[in-house]
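One letter stands for each residue in the lines below.
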Amino acid sequence: GTYGAGLGLGALLRSDLIRGVLGTQFGHVSILRLALLGASVPLLRPLLRRPDQHPLPRWWTPTAGILAVAIAITFALSGHAHTGDLTGFAIPADVIHVLAMGLWLGGLATLAYAVFPGRSVDDLRGAVPRFSRLALGSVAALVVTGSFQAWRQVGSIHALRDTDYGHLLMLKVVIILVLLVVAAM
């Protein structure tokens with residue numbers, strides 16, 4: 001609401017702007033996303049237990065998968081994918097894009113925080129190749145869906161050079177390339 005009204009951060013908590021946003025599709029989908037995120041909190045508890053002593057219950061993976069897809073759909077329905085041309089392709093592409101990004105970056109964070117510290121190279125021989133296959137599939141999905149969304153959103157090579165959106169998109173590509181180089185090492 002603050003951004004749409006052209007106001008500064010001081011207006012962030014203005015009730016009229018909040019009500020205005022909550023009355024839109026973006027507001028409805030954002031509330032749904034918050035509810036889904038809240039519903040996902042109980043799924044974190046089994047992750048905090050030692051897997052060798054307490055394996056994940058059978059219901060955990062399908063439940064987490066369904067919640068992940070539902071949360072990804074909220075991004076597609078509240079962002080640029082649900083507007084413009086080819087929305088029937090753009091919404092599923094955006095869902096796949098968000099899920100692939102979550103798997104890749106979430107996996108990198110998990111490796112860096114929970115797997116790598118204190119482990120020998122021999123201990124990592126099983127985890128790293130498994131993650132690398134997942135990462136390769138995720139990055140391939142990101143490239144395909146991101147290219148489609150960029151083509152759909154930007155429309156021309158000139159727009160990459162001449163628009164703020166094009167500049168941000170190119171910055172995002174550079175950041176992803178840097179992450180790929182770091183991940184390859």
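Scroll up to find the structure.
Residues numbered from 1 in each chain as written. Predicted model: local features only at pLDDT ≥ 70, side-chain atom pairs only at ≥ 80, totals over all residues. Heavy atoms only, no water.

**Student:** For this particular structure, what's the right way to read the overall build of the protein?
**Tutor:** Scanning the protein from N- to C-terminus turns up 8 helices and 0 strands. Along its sequence from the N terminus, the protein presents helices and strands in the succession α-α-α-α-α-α-α-α. Judged by the C-alpha coordinates and their principal axes, the protein covers about 55 × 40 × 35 Å. With 185 residues in all, the protein has 24% of them scored as buried. (Helix = DSSP H or I, 4+ residues; strand = E, 2+ residues; numbered from the N terminus. Buried < 20%, exposed > 50% of the residue type's maximum accessible area, 1.4 Å probe, protein only.)

**Student:** Honestly, helix α3 (residues 60–78) in this entry has me stumped. Any pointers?
**Tutor:** Residues that lie three or four places apart on an α-helix share one face, since the helix turns once every 3.6 residues. With 19 residues, α3 should cover 27 Å at 1.5 Å per step; its first-to-last C-alpha distance of 27 Å lies within 8% of that length. Buried positions along α3 lie against α2 (25–40) and α4 (87–115). (Expected span 1.5 Å × (residues − 1). Contact = heavy atoms within 4.5 Å.)

**Student:** Sorry, what's going on with the layout of surface pockets here?
**Tutor:** Empty space among the atoms can be located by rolling a probe the size of a water molecule over them. One number sums up the size of the largest pocket: a volume of about 1,300 Å³. Along the walls of the largest pocket sit 36 residues, with Leu47, Trp60, Leu103, Gly106 and Thr110 positioned nearest its centre. Among the secondary structure elements, those contributing two or more residues to the lining of the largest pocket are α2, α3, α4, α5 (121–124) and α6 (127–154). Its volume calculated, the second largest pocket comes out at about 940 Å³. What lines the second largest pocket is a set of 35 residues, and nearest its centre among them are His97, Gly146, Gln149, Leu169 and Lys172. Elements that contribute at least two residues to the lining of the second largest pocket include exactly α3, α4, α6, α7 (157–162) and α8 (164–184). Ranked by residue count, the leading element in the lining of the second largest pocket is α8, at 11 residues. For the lining of the second largest pocket, the per-class residue count stands at 24 nonpolar, 9 polar and 2 charged. (1 Å grid on protein atoms, 1.4 Å probe; cavity = no way out; pocket = protein on both sides within 12 Å on 5 of 7 lines; lining within 4 Å. Points joined across faces, edges and corners; volume = space filled by probe spheres on them. Nonpolar A, V, L, I, M, F, W, Y, C, P; charged D, E, K, R; others polar.)

**Student:** How should the nonpolar core be read in this particular structure?
**Tutor:** For soluble globular proteins, nonpolar side chains are generally found buried alongside one another. Ala100, Trp104, Leu111, Phe131, Ala135, Val139 and Leu142 form the largest nonpolar core, which has 7 residues in total. Elements with a contribution of two residues or more to this core: α4 and α6. Here the element with the most residues in this core is α6; it accounts for 4 residues. (Core = buried A, V, L, I, M, F, W, Y, C linked by side-chain atoms within 4.5 Å.)

**Student:** Which parts of the structure should I look at to understand the environment of serine 30?
**Tutor:** If you trace the backbone, serine 30 turns up in helix α2. Considering only alpha carbons, one finds serine 30 and valine 98, 68 residues apart in sequence, at a separation of 16 Å.

**Student:** What's the story with the packing of α4 against α6 in this structure? I'm lost.
**Tutor:** Orientation of α4 relative to α6, taken along the N-to-C sense of each, is 145°, at an axis distance of 8 Å. Helix-helix and strand crossings are classified by hand; for α4 and α6 the assignment is left-handed. Class assignment of the residues belonging to the contact of α4 with α6 gives a composition of 19 nonpolar, 7 polar and 2 charged. (Axes fitted to C-alpha atoms, helices over the stretch in contact; angles between N-to-C directions. Left-handed = near helix turned anticlockwise from the far one by under 90°.)

**Student:** Where do I start with the side chain of threonine 74 in this structure?
**Tutor:** Counting through the fold element by element, threonine 74 comes out in helix α3. Side chain to side chain, threonine 74 and arginine 33 meet in a polar contact 2.8 Å long. Setting aside anything within four residues of it in sequence, one finds threonine 74 in contact with Val29, Leu32, Arg33 and Leu36. (Polar contact = N/O pair within 3.5 Å; in protein donor to acceptor, adjacent residues only side chain to side chain.)

**Student:** Just to check I follow, could you spell out the packing of aromatic side chains for this structure?
**Tutor:** Each aromatic ring pair is described using two quantities: the centre-to-centre distance and the angle formed by the ring planes. Considering all chains together, one arrives at 1 aromatic pair under this definition. Taken together, a centroid distance of 6.1 Å and an interplanar angle of 35° make the contact between phenylalanine 148 and tryptophan 151 tilted. Note that phenylalanine 148 and tryptophan 151 are positioned in helix α6 at a spacing of 3 residues, about one turn of the helix. On the accessibility criterion, phenylalanine 148 (21% relative accessible area) is partly exposed. (Phe/Tyr/Trp six-rings, centres within 6.5 Å; stacked < 30°, edge-to-face > 60°.)

The analysis is restricted to geometry; functional conclusions fall outside its scope.
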